[in-house]
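Fold and contact review
Here is how the chains run, residue by residue.
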Amino acid sequence: MSDKPNILFVMADQLRWDYLGYAGHPHIRTPNLDRLARRGVAFSRAFVQSPVCGGSRMCIYTGRYNLTHGATYNNFPLRIDEWTIGDYMRPQGYRVALVGKTHFKPDLESMSRLGIDPGTNPGLPYWQCGFEPFERDDGLHPEVDGLLAGADPAYNAWLRQLGYPGINPWHEWANSVEGEDGEVLSGWAMRNARRPARVKEEHSETAYMTDRALEFMRLARGTKPWCLHVSYIKPHWPYIAPAPYHAMYGPEHVLPANRSEAERQNAHPVIAAFMRHDESVNFARDDVRATVIPTYMGLISQFDTHVGRLIDHLEATGEIDDTIIVVTSDHGDYLGDHWLGEKDLFHDEVVRVPLIIVDPRNGADATRGFTSMAMVEAIDLAPTFLEWAGGAPQPHRMEGRSLAPLLASRSVADWREAIFCDSDFALRHARKHLNLAEDEARGFMVRTEHWKYVHFEHFRPQLFDLENDPSELQDLGDSPAHAEVRDTLKGLLFTWALTRKTRTTVTYDYIRRVTGGARARGYRFGEW
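What counts and how
Residues numbered from 1 in each chain as written. Predicted model: local features only at pLDDT ≥ 70, side-chain atom pairs only at ≥ 80, totals over all residues. Heavy atoms only, no water. Helix = DSSP H or I, 4+ residues; strand = E, 2+ residues; numbered from the N terminus. Buried < 20%, exposed > 50% of the residue type's maximum accessible area, 1.4 Å probe, protein only. Contact = heavy atoms within 4.5 Å. Areas by Shrake-Rupley, 256 points an atom, 1.4 Å probe, with all protein chains shown as cover. Lys, Arg positive; Asp, Glu negative; His and termini not counted. Charge placed at Lys NZ, Arg CZ, Asp CG, Glu CD. Axes fitted to C-alpha atoms, helices over the stretch in contact; angles between N-to-C directions. Parallel < 35°, antiparallel > 145°, perpendicular 65-115°, else oblique. Nonpolar A, V, L, I, M, F, W, Y, C, P; charged D, E, K, R; others polar. Patch = residues over 30% accessible without salt bridge, like charges linked within 9 Å, V, L, I, M, F, W, Y side chains within 5 Å. Salt bridge = Lys/Arg side-chain N within 4 Å of Asp/Glu carboxyl O. Core = buried A, V, L, I, M, F, W, Y, C linked by side-chain atoms within 4.5 Å. Pairing = 2+ DSSP bridges. Phe/Tyr/Trp six-rings, centres within 6.5 Å; stacked < 30°, edge-to-face > 60°. Lys NZ or Arg CZ within 6 Å of the ring centre and 35° of its normal.

**Considering the overall build of the protein chain**
- Check the secondary structure of the protein chain and you find 19 helices and 19 strands.
- Reported as C-alpha extents along the three principal axes, the dimensions of the protein chain are approximately 95 × 65 × 50 Å.
- With 528 residues in all, the protein chain has 58% of them scored as buried.
- Excluding contacts between residues fewer than 6 apart, the proportion of contacts in the protein chain whose partners are at least 24 apart in sequence is 72%.
- As displayed, the protein chain has an accessible area near 21800 Å², and 52% of this comes from carbon and sulfur atoms.
- Looking at the protein chain, you have 58 positive and 72 negative side-chain charges, and the mean spots of the two groups are 5 Å apart.

**Section: the packing of helix α1 (residues 31–39) against helix α13 (residues 286–317)**
- Put simply, α1 and α13 touch, their axes get as near as 7 Å, and they point 55° apart. Here α1 is positioned oblique relative to α13, judged by the angle of their axes. Facing Pro31, Asn32, Leu33, Arg35, Leu36 and Arg39 of α1, the residues of α13 in contact are Phe303, Asp304, Thr305, Val307, Gly308, Ile311, Asp312 and Glu315.
- Residue classes in the contact of α1 with α13 are distributed as 6 nonpolar, 3 polar and 5 charged.

**A few points about a nonpolar patch on the surface**
- A cluster of nonpolar side chains, contributed by Leu108, Leu124 and Trp127, occupies part of the molecular surface with about 230 Å² of accessible area.
- Relative to the helices and strands, Trp127 resides in helix α6 (residues 123–127).
- Here Trp127 falls in the partly exposed class, since its relative accessible area comes to 33%.

**What to know about the pattern of salt bridges**
- In total, this model carries 43 salt bridges according to the counting rule given.
- Close ionic contact of Lys343 with Glu342 constitutes a salt bridge, the shortest N to O distance being 2.9 Å.
- Note on Lys343: relative accessible area 5%, which makes it buried.
- Judged by relative accessible area, Glu342 falls into the buried class, the value being 12%.
- A cluster of three or more residues bridged by salt bridges with shared partners is formed by Asp348, Arg352, Arg447, Lys452 and Glu472.

**Description of the nonpolar core**
- Grouped together as the largest cluster of nonpolar side chains are 67 residues, with contacts concentrated most on Met89, Ile357 and Phe385.
- Sort the elements by how many residues they give to this core and helix α15 (residues 381–389) lands first, with 6 residues.
- Within the second largest apolar cluster, 58 residues are counted, among which are Leu33, Val99, Val177 and Ile293.

**Things to note about the sheet that holds strand β18 (residues 451–456)**
- The 4 strands lie next to each other as β16-β17-β18-β19, forming an open sheet whose pairing is antiparallel. Of all strands in the sheet, those bounded by a partner on one side alone are β16 (419–424) and β19 (462–465). The average undirected angle you get between the axes of adjacent strands in this sheet is 10°.
- Across 5 bridges, the pairing between strand β17 (residues 442–447) and β18 is antiparallel. In the sheet register, Arg447 faces β18, and the bridge partner there is Lys452.
- Where helix α18 (residues 483–498) meets the sheet, its contacts fall on β16, β17, β18 and β19, and the angle it forms with β18 comes to roughly 65°.

**Re the pairing of strand β11 (residues 323–329)**
- Counting buried positions along β11 gives 7 out of 7 residues, so the element sits mostly inside the fold.
- The side-chain alternation of β11 yields two buried faces, one formed by Thr323, Ile325, Val327 and Ser329 and the other by Ile324, Val326 and Thr328.
- Of the strand pairs in this sheet, strand β1 (residues 6–13) and β11 are connected by 7 bridges, and their pairing is parallel. Each residue of the ladder has a partner; that of Ala12, found in β11, is Ser329.
- Direction of pairing for β11 relative to strand β13 (residues 355–358): antiparallel, over a ladder of 4 bridges. Bridging across to β13, Val327 finds its partner in Ile356.

**What about the sheet that holds strand β15 (residues 376–377)?**
- The sheet built from 3 strands is open, its strands ordered β12-β3-β15 with mixed pairing. Of all strands in the sheet, those with a lone pairing partner are β12 (352–353) and β15, marking the two edges.
- Bridge count for strand β3 (residues 46–47) against β15 is 2 bridges, and the pairing is parallel. What sits directly across from Ala46, in β15, is Val376.

**Considering the environment of Ala46**
- Residue position: Ala46 is located in strand β3.
- For Ala46, a relative accessible area of 3% puts it in the buried group.
- C-alpha separation for the pair Ala46 and His277, spaced 231 residues apart in sequence, amounts to 28 Å.
- When near neighbours in sequence (up to four residues on either side) are disregarded, Ala46 contacts Val351, Arg352, Val353, Leu355 and Val376.

**A word on the packing of aromatic side chains**
- Summed over all chains, the structure comprises 22 aromatic pairs.
- Ring geometry for Tyr73 versus Phe76: centroids 5.9 Å apart, planes at 55°, classification tilted.
- For Tyr73, a relative accessible area of 10% corresponds to the buried category.
- Accessibility expressed as a relative area gives 24% for Phe76, which makes it partly exposed.
- Above the face of the Trp173 ring, Arg198 is positioned so that its terminal group lies 3.6 Å from the ring centre.
- Geometry around Trp83 places Arg397 over its ring, the cationic atom sitting 3.9 Å from the centre.

In structure tokens, the structure reads:
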């Protein structure tokens, strides 16, 4: 194996950690992900640092927390000075490419101020989150007043060539269905989720992105080492699956909702505000769950099938022995649990994600097939990639830590004891319901082995006893008996907030070399 392995970095959008075969779901079929888990390490306690697409991905790509990088929500630009995976790995000789979604918005204002043309070097990496955009498609192409909102994606042009006409085939074909009389029904309406997409399976978004990923790997074979980010759009809404995946599961495969009537009647004010959102009101209904969740499961099985295609290609070419495979998600999906829909908050249904890493090198043999209980953060991936690439650590900038030790040994001393996550819900209706100013709609979570504590400005905290209430159904945020626990966890959160890495332009090595050296540099201040 090369000392610079290829890295296949696969991400699904809105994939829950517990909707996988190897994770224990009793009905869903994910044989390819299951075999990856048997070949490598499945991290059962991996958490994102933001509970929404844009913020979470910026954390993953930078190796830094929401609180630090500032791109805290969808379409909030990432500052131009923030480094991403491509910035770290290209100097190590890697080709760092993207197929699919990043939900990245460039800092165009700073680029304009600095006179950088986003369409040319050196501007191109700033325009594409540091990736080479082999196929950039964020998978959201809505229409406003009958016109496509945004640029026409390559996927639309490809569909038209195949005979799927229209202004927006992404919606009209890939994410729409036909009614009983052949009428076109929109996939935006969840009531249509049980009908098959109007495209053939091999022409769906998931199949198309897999085709493009395979094309990249064929073209890149035998050249310099590569890191390919294959970022799938599904099972994110619209919840529409092509045949046969639309009918693979039925209402009988839908697990009971993880919620209690007490949760709804005595809801925390912030949670209650989110319960008023359309997605929560609808997912509170059993008929909606019975309609949507089977399709959500079908989309996951389709994702699994196409991950299998990527694995099969690597095996056929022999590159499987020279490629590290990483599979994860950017966040989960409430699907009606806790009387909520979508994401944005801090229950495990949203902030806990699947993470499988398969390192074919001999150094990882001790952990093959192992399920790790280590507390892992999604921001750990970027420093892990950098270590695999042979780059020097960047502790003055990166806030995650390399996962390499957890692949080499089943027991690692001095691993982290707490996980952190923060949310910015300024753009959600909940902020208005709560009468919050634009800079007040923030939430912060710290999770330890036994406790989860959530801080909201202007409201009481939330507290869950994970040892006795792993389903997070009993909020102890105002329990007098738990005041000391809350104070301890609030202090832990406060310490974390005070120690963010904002001094990114000076390395620790520079500080060590220069400390106390003013006199040698001619500065004789303080002499008598």
